[in-house]
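Tertiary structure, described
For reference, the chains in residue letters:
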Amino acid sequence: MLRFGLASAFVVVLAGCGENSGPVTASVSGTVTLDGKPLAGAVVNFGVEGFIGSGKTGSDGTYSLVQGAALGENKVWIKKFVPPEDFSDDPEDGMDEGQLEAMNMDSVDAGETTDTGEKIPADYSDSEKTILKVVVNESGNSSANFDLKSGN
């Protein structure tokens, strides 16, 4: 009986392995600058219908997408959230950065200007309005660089 139970469990596990859970992806990395200076702490998103690959820029503006990007043409949008000066990322003090960013999303998406929130022009940061596109092939892309202009 034990032998039958293990064999059945093995078949169930194998059956789940054959399903494709998303598009074929390839690795993507590069550098983001704003007005010629490295843009640290920005989230770089590559998206196609049904899949978004994201990565965060380091202090030198470089990024690497965690799950890669789908093959083919991807829309790219880059977001940089700047919290208020008195912001504390200690959850004991109230909201964390992610909660504060989510709270500001409605006003940012509506195009309102605030002292905090999105600091990159909508032509680069809004997933619907972005002018940035990159074609990703099977070998990936290690030079998906973006030089954004604040006065766009």
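In the block above lies the structure referred to throughout.
Residues numbered from 1 in each chain as written. Predicted model: local features only at pLDDT ≥ 70, side-chain atom pairs only at ≥ 80, totals over all residues. Heavy atoms only, no water.

**Topic: the pairing of strand S11 (residues 132-136)**
- Burial along S11 is one-sided: the face carrying Leu 132, Val 134 and Val 136 is buried and the face carrying Lys 133 and Val 135 is not.
- Sheet topology places strand S8 (residues 72-79) next to S11; five bridges connect them, and they run antiparallel. Looking at S11, one finds that Glu 73 is bridged to Val 135. (Buried < 20%, exposed > 50% of the residue type's maximum accessible area, 1.4 Å probe, protein only. Helix = DSSP H or I, 4+ residues; strand = E, 2+ residues; numbered from the N terminus. Pairing = 2+ DSSP bridges.)

**Describing the pattern of salt bridges**
- Tallying each qualifying case throughout the model produces one salt bridge.
- Note that Asp 147 is salt-bridged to Lys 149, the shortest N-O span being 3.0 Å.
- Among the residues examined, Lys 149 registers a relative accessible area of 39% and is labelled partly exposed. (Salt bridge = Lys/Arg side-chain N within 4 Å of Asp/Glu carboxyl O.)

**As for the pairing of strand S2 (residues 29-34)**
- Of all six residues in S2, five are buried, a share of seventy percent or more.
- In this structure, S2 lies alongside strand S6 (residues 62-64), joined through three bridges in antiparallel fashion. Note on S6: the bridge partner recorded for Ser 29 is Ser 64.
- Looking at chain direction, S2 and strand S12 (residues 146-148) are connected through three bridges and run parallel. Each bridged residue has a counterpart across the sheet, and for Leu 34 the counterpart in S12 is Leu 148.
- Of the pairings in the sheet, the one linking S2 to strand S3 (residues 37-38) comprises two bridges and is antiparallel in character. Each residue of the ladder has a partner; that of Leu 34, found in S3, is Lys 37.

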